[in-house]
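Now for the letters of each chain:
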Amino acid sequence: MIPAPVAQPARKVCARASGLPSRSAFLLLALAAPLPAFAADPQPPAPARLVREAGEVSVVATRAERNLLDVPANVTVIDRAAVARSGAENVPELLRKEAGVFTTNTTTNPEGYSVEARGFQNGGGNGCRTLVLVDGRRVNEADTGCPDWTFISLDDVDRIEVVRGPGSAVYGDNAIGGVIHIFTRRGEGTRATLAASVGEYDSEAGEASAATSFGALRLRAATTYQDTAGFRQRSDFNAKRVRGGVDLDLGERGVIGLTGGYATTERSRPSALFAPYGTRDGERGGRDLSAGIERERFAQGELNLALPGEIALLATPFYRRSRSESDSLFGFAGPFPFPFHTEDEQDSSGIDFQLSHDFDLAFPLRVIIGGEARKDDYEVATDFGANEAERRVLGAFVHAEVTLADDWLLSAGVRYDDSDLDGVLSAPLAECAGLRCDFDDAEWSPRAGVTWRFADAGSLYFAFGEGFRFPNLNEAFGAYGFAPALKPETSRSYELGAKWAGEAWRASVAFYQARVRDEIFFNPLAANPLNPFFPGINDNVDHVRHRGVELNASHEINSWLALSASFTLDDATVRDDAVGAFVGERLPITPKSRGALGAQLTLPLGFDASIDALFVGERRIANDVTGNAARLQRYVTFGARVGWRHEIAAGLALVIEAVGRNLSNEHYAEWGGLSTFTNEVGFFPAPERSFAGGVRLEIER
Amino acid sequence: MTRAARMLAATVLALATAVEAVRAGEIDLVAAPPSAEARLEQVRERVQAAAVYPAAARERGIQGVARIQFRVDPAGRAAEVMTVESSGSQLLDAAAEQAAEDARELPQLYGWVRIPVRFELARRVSAQLFRSASGAVTRR
């Protein structure tokens, strides 16, 4: 046992050692007393009883952005710098390397992108279970339930948050697999960008954007142009987009903003090839002709205000209108060409709002309450008839976040959504009163999560959540076999994850399992009571189990080299269905495994480079619910980018980049399906090796 | 030499030394030494200047008052820093102690100094709030 130190008695100061008399020493000390610098004097131990109470030190700060380590979900953020270095042409291509997210393209042109999370990717045939927001505005369309990615320009993107797992407790409809939130470029000061790029397949693109401030008023505008002949014949694509906005900065009272845009896109759709993939037949366009045009206009307000009582209001009223026309000629080269014309109109309007307040209780508590009111109108007309539908959705939620201790955080919330769907069909249906249908659905979506910050740079979390999606208007009232009696699809998900965000290493792992009830699925084996010429109909599958593992890691080895990797295992298997025909079957299109590797180099003289590899495993083709058809084979592609940035003058930069895609010239089909008409297998070969280059002038002051 | 003479010589020597020190500017006969209260206030100001709100506490909305105690060592730095009354948060307690340890050129004070350090988050609506996809509110 170590003895406790014994306090030494204070030694008597002995002045004799100096040779001076003791009184002289006292005199000298007395004279020297005013000296301010006596720091060199040894200080005796402070007595315990002499305590001087000083005034209060006050440290005031504003509450900071929530750390992603604290969020009980698998979240990644892609910032503007990563977007600029990605070499990606569009947002879906940017998301290809994200763990847990699966991007595929059903037509090989920009119209065909489908982005889904957590095993819900079935090829775009049945709505979307990933909600996409742009500055808080839902962009999943009412008819398909999916976003039209051609209306979102990568040039507008400031950052993207990718959240895997159900988010219906806050966002409601569609947020089963995940939520992708895109934030567009804002900021103060003046900036302008002028960019142009060219590539193979007669591809060209241009961008002009500018933003400036006049006191509290901030203005921004951007226009983009894109044109390509596409890899396949008859896959031409042309897009023109314009977007503008104004923000009024009210200082501490908040910000009021208005954003609007218009876009028109013309698309030709190559049809499936029946030759085996791997052959060099990408120049062919398939047996069918199809082309269309779609126009979109939107406006959204942004109110971010400090209300009395230290309540923050955030409201996003919005309006969107889209019109599309499409003409197809199926089997145009055969003996029985079959023309098909479609027109549809959609109008969506509503408001999304929330109020938040921080309570200073025994535990810091943030409470957010919010709601949504939305109305979707949909009309579709085909050669066979016309349907129309109207959906009104009302949603309300409450969400709370509490810091239980320094290292433990709890969040929980619940949302209620009510949907009123009315429609008029072109043919009678048993569930409807004649031609008129009226369906009401309501869903509760709870969510809870707990996070333990076991280290400054690390956390563990567990989360439970439920998600849902209402049948989209195409599934309920669409031209291809309406089924308005479809039930909403719901999921109950559990997730366990760990994250690390250190100086050099960033990594995350998530294990999830979701029990999905009434998953909406196009059943090609079911008879369509309304259309004998078009077999199969949208149906609810009783129980599908989605489970998997998501891994993300990046490491900055030194100042010039960084490596990144992602890997995903997904398993979506039918556990129960009314007929029993699908039990034990895996759902199509989503591969069991996929992953990506990347290396980023920062080189001298303003150069930077990156190389990446993408692996996608074998998967079933669309509509192959029994697993008997040919598979989509696994593939590995390599891409590279070299960029050069040169500061011409202060605030003026020139950026030149060259991009190579599918460098190993892998021949593979990205998407394929089983024809419900002919039971033939069709494939959509992906683009071969290609190169593109671009130049960009950036002004920032 | 008699005892009186020795004392006189010592006194003369001391006076001569003092006069020389005044001439050299080492002793300011006009300025009064700062009082203990003034030096205590200086200590508080130095600690205030060194205090930083922990980022993790800002992110999680943690507020509180930590009361710390220390003494000033001969080098003008805080020694034997300890928390005598916790804020309820180890993050804030550690940040308060760190503020004292980071403070420099503390004036000499005999005894212990005890300072309450209040960490407070301002309730301001930050510009461009958007509801984050993670369900929380984030600031752009």
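Residues numbered from 1 in each chain as written. Chains lettered and ligands numbered in written order. Predicted model: local features only at pLDDT ≥ 70, side-chain atom pairs only at ≥ 80, totals over all residues. Heavy atoms only, no water.

### Some thoughts on the overall build of chain A
Then, number 1: Looking only at helices and strands, chain A features five helices and 35 strands.
Then, number 2: Here chain A holds 701 residues, and the buried ones make up 51% of them.
Then, number 3: By sequence separation, contacts in chain A at least 24 residues apart represent 64% of the contacts at least 6 residues apart.
Then, number 4: With an accessible surface of roughly 30,900 Å², chain A has 61% of that area assigned to carbon and sulfur atoms. (Helix = DSSP H or I, 4+ residues; strand = E, 2+ residues; numbered from the N terminus. Buried < 20%, exposed > 50% of the residue type's maximum accessible area, 1.4 Å probe, protein only. Contact = heavy atoms within 4.5 Å. Areas by Shrake-Rupley, 256 points an atom, 1.4 Å probe, with all protein chains shown as cover.)

### Overview of the overall build of chain B
Then, number 1: The number of helices and strands found in chain B is four helices and five strands.
Then, number 2: Counting from the amino terminus, chain B carries its helices and strands in the arrangement α-α-α-β-β-α-β-β-β.
Then, number 3: Within chain B, the proportion of its 140 residues that are buried is 47%.
Then, number 4: For chain B, the accessible area works out to roughly 7,000 Å², and carbon and sulfur atoms hold 53% of it.

### Looking at the state of the cysteines
Residues and elements named next belong to chain A.
Then, number 1: Per the stated rule, a full pass over the model turns up two disulfides over all chains.
Then, number 2: In this model, C128 is linked to C146 through a disulfide, with the two sulfur atoms separated by 2.1 Å. Looking down the S-S bond of the C128 and C146 bridge, the torsion is 100°, so its handedness is right-handed. Taken together, the residues span a long stretch of sequence, with C128 in the loop between strand 5 (113-117) and strand 6 (130-134) and C146 in the loop between strand 7 (137-138) and strand 8 (157-164) at a distance of 18 residues. The same class applies to C128 and to C146, which are both buried. (Disulfide = S-S within 2.5 Å.)

### So, the sheet that holds strand 6 of chain A
All names here are of chain A.
Then, number 1: A sheet is described by the order of its strands in space; here five strands give the open sequence 3-8-9-6-7, paired in mixed fashion. The sheet terminates laterally at strand 3 (74-78) and strand 7, the two strands that pair on one side only.
Then, number 2: Note: strand 6 against strand 9 (residues 178-184), five bridges, orientation parallel. In the sheet register, T130 faces strand 9, and the bridge partner there is G178. (Pairing = 2+ DSSP bridges.)

### A few points about the pairing of strand 14 (residues 254-268) of chain A
Looking down a regular strand, the side chains alternate between one sheet face and the other.
All names here are of chain A.
Then, number 1: Inspection of the sheet shows strand 13 (residues 237-249) paired to strand 14 by 13 bridges, in the antiparallel sense. Bridge pairing links G245 to T259 in strand 14.
Then, number 2: Here strand 14 runs beside strand 15 (residues 289-307); their pairing, made up of 15 bridges, is antiparallel. Residue L258 lies in a different strand from strand 15, and its bridge partner there is G301.

### Notes on the environment of P116(B)
Then, number 1: Within the secondary structure, P116(B) is located in strand 3 (residues 112-122).
Then, number 2: On a C-alpha basis, the gap between P116(B) and S89(B) in space is 14 Å, while along the polypeptide they are 27 residues apart.
Then, number 3: Residues contacting P116(B), with those up to four places away along its chain left out, are A54(A), G55(A), E56(A), V57(A), V65(B), A66(B) and R67(B).

### Overview of the nonpolar core
Then, number 1: With 33 residues, the main nonpolar core has F70(B) and I115(B) as its most contacted residues.
Then, number 2: With six residues, the single largest contributor to this core is helix 4 (residues 90-102) of chain B.
Then, number 3: In contact with I115(B), other than residues within four places in its own chain, are A54(A), G55(A), V57(A), V43(B), R44(B), V47(B), A66(B), R67(B), I68(B) and F70(B).
Then, number 4: Counting 19 residues, the second-largest nonpolar core is a separate cluster that includes V83(A), I152(A), I160(A) and V162(A). (Core = buried A, V, L, I, M, F, W, Y, C linked by side-chain atoms within 4.5 Å.)

### Some words on the side chain of S268(A)
Then, number 1: In this structure, S268(A) sits in strand 14.
Then, number 2: The contacts of S268(A), once residues within four sequence positions are left out, are N109(A), R234(A), S235(A), D236(A), S290(A) and A291(A).

### Structural notes on the side chain of D570(A)
All names here are of chain A.
Then, number 1: When you line up the elements, D570 lands in strand 26 (residues 561-576).
Then, number 2: With a relative accessible area of 2%, D570 lands in the buried category.
Then, number 3: Side-chain polar atoms of D570 contact the side chain of Y512, separated by 2.4 Å. (Polar contact = N/O pair within 3.5 Å; in protein donor to acceptor, adjacent residues only side chain to side chain.)

### Let's talk about helix 4 of chain B
Residue and element names in this part refer to chain B.
Then, number 1: For helix 4, which comprises 13 residues, the first-to-last C-alpha distance of 18 Å matches the rise-based estimate of 18 Å (1.5 Å per residue) to within 8%.
Then, number 2: Those residues of helix 4 not exposed but buried are L91, L92, D93, A95, A96, A99 and A100.
Then, number 3: Where helix 4 is buried, its residues contact helix 2 (36-50), helix 3 (55-60), strand 1 (64-72), strand 2 (78-85) and strand 3.
Then, number 4: A distance of 3.2 Å separates the backbone nitrogen of L91 from a side-chain oxygen at the start of helix 4, and that oxygen is part of S89. (Expected span 1.5 Å × (residues − 1).)

### Some remarks on the environment of G260(A)
Residues and elements named next belong to chain A.
Then, number 1: Mapped onto the fold, G260 is located in strand 14.
Then, number 2: On the basis of relative accessibility, which here comes to 22%, the residue G260 falls in the partly exposed class.
Then, number 3: Linking G260 and Q300, residues 40 residues apart in sequence, is a C-alpha distance of 6.3 Å.
Then, number 4: Residues in contact with G260, not counting those within four places in the same chain, are V242, R243, G244, F298 and A299.

### Some words on the confidence of the model for chain A
All names here are of chain A.
Then, number 1: With 89% of its residues at a pLDDT of 70 or more, chain A has an overall mean of 86.
Then, number 2: Overall, residues 1-43 carries pLDDT values under 50, and its contacts beyond four positions in sequence, including any with other chains, amount to 23 contacts.
Then, number 3: Taken together, the stretch residues 278-283 has pLDDT below 50 and engages in 13 contacts with residues farther than four places along the chain or on a different chain. (pLDDT = per-residue confidence, 0-100.)

### Some words on a nonpolar patch on the surface
Residues and elements named next belong to chain A.
Then, number 1: A cluster of nonpolar side chains, namely F363, L404, W408, L410, W452, F454, L460, W500 and W505, defines an oily patch on the protein surface of about 840 Å² accessible area.
Then, number 2: Among the secondary structure elements, those contributing two or more residues to the nonpolar patch are strand 20 (408-424) and strand 21 (436-455).
Then, number 3: Its relative accessible area of 37% is what places F454 among the partly exposed residues. (Patch = residues over 30% accessible without salt bridge, like charges linked within 9 Å, V, L, I, M, F, W, Y side chains within 5 Å. Salt bridge = Lys/Arg side-chain N within 4 Å of Asp/Glu carboxyl O.)

### Quick look at the pattern of salt bridges
All names here are of chain A.
Then, number 1: Applying the stated criterion across every chain yields a total of 58 salt bridges over all chains.
Then, number 2: The salt bridge partner of E372 is R374, with a shortest N-O separation of 2.9 Å.
Then, number 3: Here the residues in one salt-bridge network are R138, D173, E372, R374, D376, R415 and D417, joined through shared partners.

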